[in-house]
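Spelled out from the first residue to the last, the chains are:
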Amino acid sequence: MAYNIAAVTARKIFSSNSSKFAQSCYVITRGSSSDGPQEPKKELINHSRVRGIDILRNPKLNKGTAFTLKERQLMGIHGLVPPTVRSVEEQTIRVLTNFSKRSSDLDRFIYLMALQDRNEKLFYKVLCENVEEMMPIVYTPTVGQACQQYGVVFRRPRGLFISIKDKGHIYEILCNWPERNVKAIVVTDGERILGLGDLGAYGMGIPVGKLSLYTALGGIHPAKCLPILLDVGTNNEKLHEDPLYIGHCEPRVTGQEYDDFIDEFMQAVAKRYGYSCLVQFEDFGNHNAFRFLEKYRDVYCTFNDDIQGTAAVAAAGVFASLRITKTKLTDNKFLFQGAGEANIGIAELLTLAMIEEGATEQEARSKIWMVDSRGLITKGRPSGGISGHKKEFAKDYKHMDNLEEIVEDLKPSVLIGAAAIAGAFTEKVILSMAAHNERPVIFALSNPTSKAECSAEEAYTLTEGRCVFASGSPFPACTVNGKTFYPGQGNNAYIFPGVALGVITCGVRHIEDKIFLHAAQCLSKLVTDENLAEGRLYPPLNQIQEVSLKIATELAEFVYRTGAASAYPEPKDKEAYIRSFLYDTNYEQFVPDTWEWPETK
Ligand SMILES: O=C([O-])CC(=O)C(=O)O
Ligand SMILES: [Mg+2]
């Protein structure tokens, strides 16, 4: 392995008797792939003058008790940590012991955030090795609870808070962020946090959680990731009365002032980090999410995770379900409960997929039926409210507004819910799906768990184990008639880390919908027949890092083939090229193994 050696000053330790190493201790970093475009020297540190107690206080450098004796002496931290040198494996045991001793998931969240604040490598190592147990804590569903109680949970700030009062100065605020080489931003204005509604500045938990998965699942270096909360106020009255609220206690700014603020934000990002910096929009209100996607997608490198990421993961689940139902996409009748970001995104992507399968656009759209808060979306329905994307799916049909009645009447083969109406898939709805389909496909996608349309157990039990089920938040395995089912988690976490990895490494400037279709097709192909036999529509969570890499590699092939990549020369071995970017959760070595104390006379 090639080593790049960067000097870290350790002046105090070495004085008169120093040899050629006298002024320095070292960080050893792995060399990057020789194939393809080169990154600036990998993991070269920018903290070259940090030493002593400041090393322990810096989560990017801190190894706690894992610092070796030589490192402790050279870096001026000898005596500042207990004498025993612990291996990372021993540290991991300590973390897992603490983690399991906490009495609630929220306490586990607080514990893991504190670990991230003091020892970043250890945090990611433990998270990467325990995705199944820890993803539900740093991410959905517990992150939702943490956002609701952010005022209490808050310890240290993480991410960048930009408020409407900072209008005119957003670029300067971005310059306060200490990392210069940011490649990915996840931004929210907190208006629609998961299915929990307007949580204002408390929504910061979401960009932080999403980006921790960029690293843990996508291998993107944490220094390249920037979580941002845009605080334009909140319309949540409860937060106005919350003495611990961390944002502006004013109603949301809307209209031109809001639009100008978001425009300025996008321009400032491009100025600070370049037009190739990826901006993932997350948990914006419905109306704004669609508008901004249209407005910015051809100008910046951006996507909306709730529309496009969710669409891809749901479409992948549908593709996998076809192997169970032994049907083609166009053989199915899809009913969507809800016509917001997620469901419109899924409907549009399935339309694209059906067109790829040979259907006309009209045929494809005719297979898709939607229900919103005013009932079945039909042309000229008396209750109105059919604007924008919904129009494309409006049918010439009688008006009905009750989901039970609609399911009974339409007899869909696939039912997808994403309107954050807990329990919307009633017993009657599920029984009706079971009565009309040999293998009913039921996706309860709303997040967090408390908002799910039905539980996995309800779906499997009421359909006597015949349903093909996925949910947005995790549900435990359940046994029906002696058979155990492992419900698939149709969460965009299967998609956005891999897409981001592909986009960043290949220098994709604009993210077209076909990227998400490819990601969905790739994901569904990774589901084995054994997975399907167990009820899994997605690969198990403990494989999700490999899944992200495969998605990124697949996208790399696609974007180089179509000319959408800008990182040149084109790498021959795309997977090896992408692997060479991956964040290494192993500790950096600050002193080479071969280093010896200089001989004294
Ligand atoms: O964060 C999640 O779990 C999925 C998502 O984007 C949402 O529900 O808004
Ligand atoms: Mg979201």
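In what follows, the accompanying structure is described. It should be emphasised that the depicted structure is a prediction, and the values quoted were computed from it without experimental measurement.

Digging into unusual backbone geometry
And step 1. Of the consecutive residues T140 and P141, the connecting peptide bond is found in the cis state with omega at 5°.
And step 2. Secondary-structure assignment places P141 in the loop between α6 (131-138) and α7 (142-148).
And step 3. Y568 connects to P569 through a cis peptide bond whose omega is 5°.
And step 4. In the Ramachandran plot, D283 falls in the positive-phi region, its phi being about 55° despite a non-glycine side chain.
And step 5. By the secondary structure assignment, D283 is in the loop between β6 (278-281) and α13 (286-296).
And step 6. Classification of D283 as buried rests on a relative accessible area of 1%.

Observations concerning the nonpolar core
And step 1. With 167 residues, the main nonpolar core has I162, I185, Y214, I228, F265 and L350 as its most contacted residues.
And step 2. It is helix α14 (residues 305-325) that provides the largest number of residues to this core, a total of 12 residues.
And step 3. V407, A456, F475 and C478 belong to the second largest nonpolar core, which has 28 residues in total.

Some remarks on the environment of T449
And step 1. Here T449 lies in the loop between β12 (441-444) and α19 (456-462).
And step 2. Counting along the chain gives 25 residues from T449 to P474, while the straight-line C-alpha distance between them is 7.2 Å.
And step 3. With residues up to four places along the chain from it excluded, the contact list for T449 reads P141, S473, P474 and F475.

Some remarks on helix α20 (residues 496-506)
And step 1. With 11 of its 11 residues buried, α20 lies for the most part within the structure.
And step 2. Residues of α20 that are buried include every one of F496, P497, G498, V499, A500, L501, G502, V503, I504, T505 and C506, and no others.
And step 3. One or two steps after α20, the chain reaches G507, where phi turns positive at roughly 65°.

Considering the coordination of the magnesium ion (ligand 2)
And step 1. Binding of the magnesium ion (ligand 2) to the protein goes through E282 (OE), D283 (OD) and D306 (OD), at separations of 2.0 to 2.1 Å.
And step 2. Binding-site remark: the magnesium ion (ligand 2) is held by donors from one chain whose sequence spacing is E-D-x22-D. Of the two residues, E282 sits in the loop between β6 and α13 while D306 sits in helix α14, which places them 24 residues apart along the sequence. Of the two residues, E282 and D306, both sit in the buried class.

A word on the packing of aromatic side chains
And step 1. This model, assessed by the stated rule, comprises 23 aromatic pairs.
And step 2. Clustering of aromatic rings is evident, with ring pairs tying together Y258, Y275, F281, F284, F292, Y296 and Y300.
And step 3. Seen from the ring of F99, R108 lies directly overhead, with NZ or CZ sitting 5.7 Å from the centre.
And step 4. Above the face of the W369 ring, K395 is positioned so that its terminal group lies 5.4 Å from the ring centre.

Some points on the site of ligand 1
And step 1. Close contacts around ligand 1 come from Y139, T140, R192, L194, K210, E282, D283, D305, D306, N447, N491 and N492, and that covers them all.
And step 2. A distance of 3.4 Å is found between an oxygen atom of ligand 1 and a side-chain nitrogen or oxygen belonging to Y139.
And step 3. Within the side chain of K210, an N or O atom sits 3.0 Å from an oxygen atom of ligand 1.
And step 4. Considered on its own, ligand 1 offers 260 Å² of accessible surface; in the complex 93% of this is hidden by protein.
And step 5. Split into classes, the residues belonging to the shell around ligand 1 amount to 2 nonpolar, 4 polar and 6 charged.

Things to note about the pattern of salt bridges
And step 1. All chains considered together, the criterion is met by 31 salt bridges.
And step 2. Where D513 meets R297, a salt bridge forms, and the shortest distance between an N and an O atom there is 3.1 Å. With D513 in helix α21 (residues 513-525) and R297 in the loop between α13 and β7 (301-304), this residue pair connects regions lying 216 residues apart in the sequence.
And step 3. Residue D372 pairs with K390 through a salt bridge whose shortest N-O separation is 2.9 Å. One end of the pair, D372, is in strand β9 (residues 368-372); the other, K390, is in the loop between β10 (375-376) and α17 (403-410), and 18 residues separate them in sequence. Accessibility classification places D372 together with K390 in one group, the buried group.

Parameters and conventions
Residues numbered from 1 in each chain as written. Chains lettered and ligands numbered in written order. Predicted model: local features only at pLDDT ≥ 70, side-chain atom pairs only at ≥ 80, totals over all residues. Heavy atoms only, no water. Helix = DSSP H or I, 4+ residues; strand = E, 2+ residues; numbered from the N terminus. Buried < 20%, exposed > 50% of the residue type's maximum accessible area, 1.4 Å probe, protein only. Core = buried A, V, L, I, M, F, W, Y, C linked by side-chain atoms within 4.5 Å. Contact = heavy atoms within 4.5 Å. Donors = N, O, S within 2.8 Å, 3.2 Å for Na, K, Ca; no water. Phe/Tyr/Trp six-rings, centres within 6.5 Å; stacked < 30°, edge-to-face > 60°. Lys NZ or Arg CZ within 6 Å of the ring centre and 35° of its normal. Near = heavy atom within 4 Å. Polar contact = N/O pair within 3.5 Å; in protein donor to acceptor, adjacent residues only side chain to side chain. Areas by Shrake-Rupley, 256 points an atom, 1.4 Å probe, with all protein chains shown as cover. Nonpolar A, V, L, I, M, F, W, Y, C, P; charged D, E, K, R; others polar. Salt bridge = Lys/Arg side-chain N within 4 Å of Asp/Glu carboxyl O.

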